[in-house]
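Listed here are the chains, written in short residue letters.
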Amino acid sequence: TTEKRKRIMNIMSDTADETPPKKCIFYDMKHSNNAARIRLWMRIKDMHHVVETIFLTHDDLESDEYEKINPLKKVPSLITDHGLK
């Protein structure tokens, strides 16, 4: 969990500097029906090489770092090469 928070903070600092990530970053959770739909769509579209998936826990959702990515503290979330979505 600590490593995930560090990665989220690094991504946020990159985004804050307007340096887009090299891959789209998809924030996921195992038991999310909406995220499962996106996972299925990405698998059908064979997007594994352009999207990095980060699986979160409930504690990660509640973190201040993730709140900067998604103020609703829900999944799915996506950071594209154009920034937060």
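Before reading on, note that the structure itself is shown above.
Residues numbered from 1 in each chain as written. Predicted model: local features only at pLDDT ≥ 70, side-chain atom pairs only at ≥ 80, totals over all residues. Heavy atoms only, no water.

Q: Hey, could you run me through the overall build of the protein chain in this one?
A: When helices and strands are counted, the protein chain shows 4 helices and 4 strands. When the elements of the protein chain are put in sequence order from the N terminus, they spell out α-β-α-β-α-α-β-β. Within the protein chain, buried positions represent 34% of all 85 residues. Considering only residue pairs separated by 6 or more positions, the protein chain has 68% of its internal contacts joining residues 24 or more positions apart. Summing over all exposed atoms, the protein chain offers an accessible surface of approximately 5900 Å²; the carbon and sulfur share of this is 53%. (Helix = DSSP H or I, 4+ residues; strand = E, 2+ residues; numbered from the N terminus. Buried < 20%, exposed > 50% of the residue type's maximum accessible area, 1.4 Å probe, protein only. Contact = heavy atoms within 4.5 Å. Areas by Shrake-Rupley, 256 points an atom, 1.4 Å probe, with all protein chains shown as cover.)

Q: Looking at this structure, how should I read unusual backbone geometry?
A: Omega for the bond connecting Val75 with Pro76 falls within 30 degrees of zero, at 5°, which places this linkage in the cis form. Considering the arrangement of structural elements, one finds Pro76 in the loop between helix H4 (64-69) and strand E3 (77-80). Located in the positive-phi region is Asp46, a residue other than glycine, with phi close to 50°. By the element assignment, Asp46 lies in the loop between helix H2 (33-44) and strand E2 (51-55). Located in the positive-phi region is Lys73, a residue other than glycine, with phi close to 55°.

Q: Which parts of the structure should I look at to understand the pairing of E2?
A: Along a regular strand, successive side chains alternate from one face of the sheet to the other. By the bridge criterion, 5 bridges tie strand E1 (residues 24-28) to E2 in an arrangement that is parallel. Considered in E2, the bridge of Cys24 is made with Val51. The handedness of the E1 to E2 crossover, carried by H2, is right-handed. (Pairing = 2+ DSSP bridges. Right-handed = clockwise from strand over helix to strand, strands pointing away.)

Q: Looking at this model, I keep getting lost on the environment of Asn70. Mind explaining?
A: Of note, Asn70 is situated in the loop between H4 and E3. Looking at Asn70, the relative accessible area reads 12%, which means it is buried. Those residues in contact with Asn70 that sit more than four places away from it in its chain are Pro76 and Ser77. Polar contacts involving the side chain of Asn70 include one to the side chain of Ser77, which spans 3.0 Å. (Polar contact = N/O pair within 3.5 Å; in protein donor to acceptor, adjacent residues only side chain to side chain.)

Q: I tried to follow the packing of aromatic side chains on my own but got confused; where do I start?
A: Any two aromatic rings considered together are summarised by their centre-to-centre distance and by the angle between their planes. The full count for this structure, using the stated rule, is 1 aromatic pair. Aromatic side chains Tyr27 and Tyr66 sit 5.6 Å apart centroid to centroid with 65° between the ring planes, which places their arrangement in the edge-to-face category. Residue Tyr27 is found in strand E1, and its partner Tyr66 is found in helix H4; the two are separated by 39 residues along the sequence. As far as burial versus exposure is concerned, Tyr27 and Tyr66 are alike and both buried. (Phe/Tyr/Trp six-rings, centres within 6.5 Å; stacked < 30°, edge-to-face > 60°.)

None of the figures reported here should be taken as evidence of function without further support.
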